[in-house]
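So the chains spell out like this:
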Amino acid sequence: VYWQDAVEFDKSIGGKYTDCVRPKYAVKVVRAYWERYASDRRIGRPVTDQDRARLHNGGPNGFKKASTKQYWDKVKRCLKKN
């Protein structure tokens, strides 16, 4: 569903779901998904890394879901390491 959302939003991505194993292709998919759902206007304030991570994990409204907080904690630890 994530891939479908992304390629529907940005038809220039093309390809097939199985192409997601290629890192450059997968990055295009993630960026299109974020462009579609992680906007200041849609979220109602400036978008943060936390919003993007939680959307990635929990769908279009993942930034609101308590169930995505644990995923954000994992991402935050990785960001601190790098």
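Since we're looking at a predicted model, the values are computed, not measured.

Novice: Could you give an account of the overall build of the protein, naming the residues involved and the relevant values?
Specialist: The helix and strand inventory of the protein stands at five helices and zero strands. Listing the helices and strands of the protein from first to last along the sequence gives α-α-α-α-α. Projected onto its principal axes, the C-alpha positions of the protein cover 30 × 30 × 20 Å. Looking at the protein residue by residue over its 82 residues, the buried ones come to 32%. Total accessible area computed for the protein in this model is approximately 5900 Å², and 51% of it derives from carbon and sulfur atoms.

Novice: Describe the environment of Asp-51, and please don't skip the residues or the numbers.
Specialist: By the secondary structure assignment, Asp-51 is in helix α4 (residues 49–58). Owing to a relative accessible area of 4%, Asp-51 belongs among the buried residues under this scheme. Spatially, the C-alpha atom of Asp-51 lies 9.8 Å from that of Tyr-37, the residues being 14 residues apart in sequence. With residues near it in sequence (within four places) discarded, Asp-51 still touches Ile-43, Arg-45, Pro-46 and Phe-63.

Novice: Outline the confidence of the model for the protein, listing residues and values.
Specialist: Taken residue by residue, the protein gives an average pLDDT of 97. The fraction at 70 or more is 100%. The lowest-confidence element of the protein is helix α5 (residues 69–81), averaging 95 in pLDDT; the highest-confidence one is helix α2 (residues 23–37), averaging 98.

Novice: Describe the pattern of salt bridges, listing the residues and the values that go with them.
Specialist: Working definition: two side chains of opposite charge can pair if their charged atoms are close together. Applying the stated criterion to the full structure yields six salt bridges. In this structure, Arg-45 and Asp-51 form a salt bridge, with 2.7 Å as the shortest nitrogen-oxygen distance. The class for Arg-45 is partly exposed, based on a relative accessible area of 36%. Taken together, the salt bridges that share partners define one network made up of Asp-5, Glu-8 and Arg-36.

Each value, and the rule that gives it
- Residues numbered from 1 in each chain as written.
- Predicted model: local features only at pLDDT ≥ 70, side-chain atom pairs only at ≥ 80, totals over all residues.
- Heavy atoms only, no water.
- Helix = DSSP H or I, 4+ residues; strand = E, 2+ residues; numbered from the N terminus.
- Buried < 20%, exposed > 50% of the residue type's maximum accessible area, 1.4 Å probe, protein only.
- Areas by Shrake-Rupley, 256 points an atom, 1.4 Å probe, with all protein chains shown as cover.
- Contact = heavy atoms within 4.5 Å.
- pLDDT = per-residue confidence, 0-100.
- Salt bridge = Lys/Arg side-chain N within 4 Å of Asp/Glu carboxyl O.

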